[in-house]
Amino acid sequence: MPRRPTNLHRTSAALLLAVCLAAPGQAQSIRLHVTETASGRPVAGGVADLLDDHGTVVGAGVLSSDGRYLLTLPGAGSYRVRVRRIGYEPFVVNAPPVAGTATVELALSVPDRRIRLNTIVVTAHPRCSRDAFRDQSVATLWEEVRTALTTTMLSRADSALLLEARAFRRRLDADRTLTEELVGLPRLTGGGKPYGSREASDLARDGYVRQVGGETIFYAPDEQVLLSDQFLDERCFEVVRGSGPASGLFGLRFTAANRRHANDIAGTLWVDSASASLRYLDFRYENEFMPRTVIGDDRSGGQVIFDRLAGGRWIVSAWRLRMPHFDVGRRLTPRSFPDAYEEVGGVVTPRPGDSAPALAVAESYRALLAPARVTGTVYDSLAGGHLELVRPDRVG
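About the cut-offs
- Residues numbered from 1 in each chain as written.
- Predicted model: local features only at pLDDT ≥ 70, side-chain atom pairs only at ≥ 80, totals over all residues.
- Heavy atoms only, no water.
- 1 Å grid on protein atoms, 1.4 Å probe; cavity = no way out; pocket = protein on both sides within 12 Å on 5 of 7 lines; lining within 4 Å.
- Points joined across faces, edges and corners; volume = space filled by probe spheres on them.
- Helix = DSSP H or I, 4+ residues; strand = E, 2+ residues; numbered from the N terminus.
- Nonpolar A, V, L, I, M, F, W, Y, C, P; charged D, E, K, R; others polar.
- Buried < 20%, exposed > 50% of the residue type's maximum accessible area, 1.4 Å probe, protein only.
- Polar contact = N/O pair within 3.5 Å; in protein donor to acceptor, adjacent residues only side chain to side chain.
- Contact = heavy atoms within 4.5 Å.
- Disulfide = S-S within 2.5 Å.
- Pairing = 2+ DSSP bridges.

Visitor: What is the right way to read the layout of surface pockets from this model?
Guide: Which parts of space are left empty comes out when a probe the size of a water molecule is rolled across the atoms. The space that makes up the second largest pocket amounts to roughly 630 Å³. Lining the second largest pocket are 20 residues, and of these Gln-211, Thr-216, Phe-218, Pro-324 and Phe-326 sit closest to its centre. The element contributing the most residues to the lining of the second largest pocket is strand 21 (residues 314–325), with four residues. Class assignment of the residues belonging to the lining of the second largest pocket gives a composition of 11 nonpolar, five polar and four charged.

If you want it as structure tokens, here you go:
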């Protein structure tokens, strides 16, 4: 993989050192405390990276609400510490030497050098693999996406993170009009993955849509897949400007570099043009064995929405996967229309202080946070007939 372009500012004048001995048997570590230079406020939710001599990340974590994190060193050697936060240029310093099993206190004061997305230029044509990141607009947008995905992934390690979530399942007709909806009761969950995925190498080899026995299984990408070298090396990228529900956003659009015998995904990572925050991912399935009628935006695919919590951590606040349904025994052709679409997903209840502004595309998920309900038609085995249930537009 190429080294993605980034502006790294090194300084030694901004750090304060104090060494304290750790208990015997503990690993070498650096206890960070990161604040802003101008305001003195803690840098909450930033990513702290530990880099080795080759610039490889060998340790990482999310700064707490008071700007702290304990970085564990993998062994003796020279390291650098990098602080990344969404909407700002990265900040890098040489790490102090750590002797024996000591823990070094490292206080960093980071400057407020904001990323200006108003300089981004919409690309005329997609560029692929290693060549894509030579385009400054693609590289700048990807750095913000990468920081947000990394923050979301690392935030799951916070054992104190407790969220209220609801799962849902929907059925839509062939025109994608809602006909049935089931919403679960609220449940408390930690910061674990909201949906299962596969390794990037597994998806590259066997695809995102698979026949297993008599079932068709659809997979979605998670943060680890999107951040993987394999995913980036096998994609073409271009920068687009959002419209409609995506108005005010820049999109990093991706497609498969090799579209022959495709069993892949294409989509767009949408970034707020003012704050540089990753807001959501839209993707669709590209599969040569699926009828063309179910291929395309808002048909077979999915959506993942990201939100910032009050303490600076990022989570997947809502997600859905839409899959075409064909009745058993139908002979499919490239022009076959689905009998219906099935959707599964989940949504997290917003918490006081969550700071990401509301999105138009999130409104349908927020509506699911009303009291648990079922819509559509259910068979009553006692009465021997069907019961009409409340439709979504009639729920207060």
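Visitor: I'm lost on the side chain of Ser-155 in this one. Help?
Guide: Along the chain, Ser-155 falls in helix 2 (residues 136–155). Among the residues examined, Ser-155 registers a relative accessible area of 1% and is labelled buried. From its side chain, Ser-155 meets the backbone oxygen of Thr-151 in a polar contact 2.7 Å long. Those residues in contact with Ser-155, other than ones at most four positions away along the chain, are Val-62, Leu-161, Arg-313 and Trp-314.

Visitor: It is not clear to me how the state of the cysteines should be interpreted in this structure. Could you clarify?
Guide: Here, the word disulfide means a covalent bond between the sulfur atoms of two cysteines. Applying the stated criterion to the full structure yields one disulfide. The partner cysteine of Cys-128 in its disulfide is Cys-236, sulfur to sulfur 1.8 Å. Every disulfide takes its handedness from the sign of the S-S torsion; for Cys-128 and Cys-236 that torsion is 90°, giving right-handed. You can see Cys-128 sitting in strand 10 (residues 127–128) and its partner Cys-236 sitting in strand 16 (residues 235–241), a full 108 residues away along the chain.

Visitor: Would you explain unusual backbone geometry in this entry?
Guide: Generally, phi is negative for residues other than glycine and the peptide bonds are trans, each holding for most cases. In the Ramachandran plot, Ala-276 falls in the positive-phi region, its phi being about 70° despite a non-glycine side chain. In this fold, Ala-276 is placed in the loop between strand 18 (263–272) and strand 19 (278–287). Judged by its relative accessible area of 2%, Ala-276 falls in the buried class. Not every positive phi belongs to a glycine, and Asp-298 is a case in point at roughly 65°. Inspection of the secondary structure puts Asp-298 in the loop between strand 19 and strand 20 (301–308).

Visitor: Looking at this model, I keep getting lost on the pairing of strand 12 (residues 178–183). Mind explaining?
Guide: The side chains of a regular strand alternate between the sheet's two faces. One ladder, built from five bridges, connects strand 11 (residues 163–172) with strand 12; its direction is antiparallel. From the neighbouring strand, Leu-172 faces strand 12, where its bridge partner is Leu-178. Once strand 11 ends, the chain turns through five residues before running back antiparallel as strand 12, passing Arg-176 with a positive phi of about 65°.

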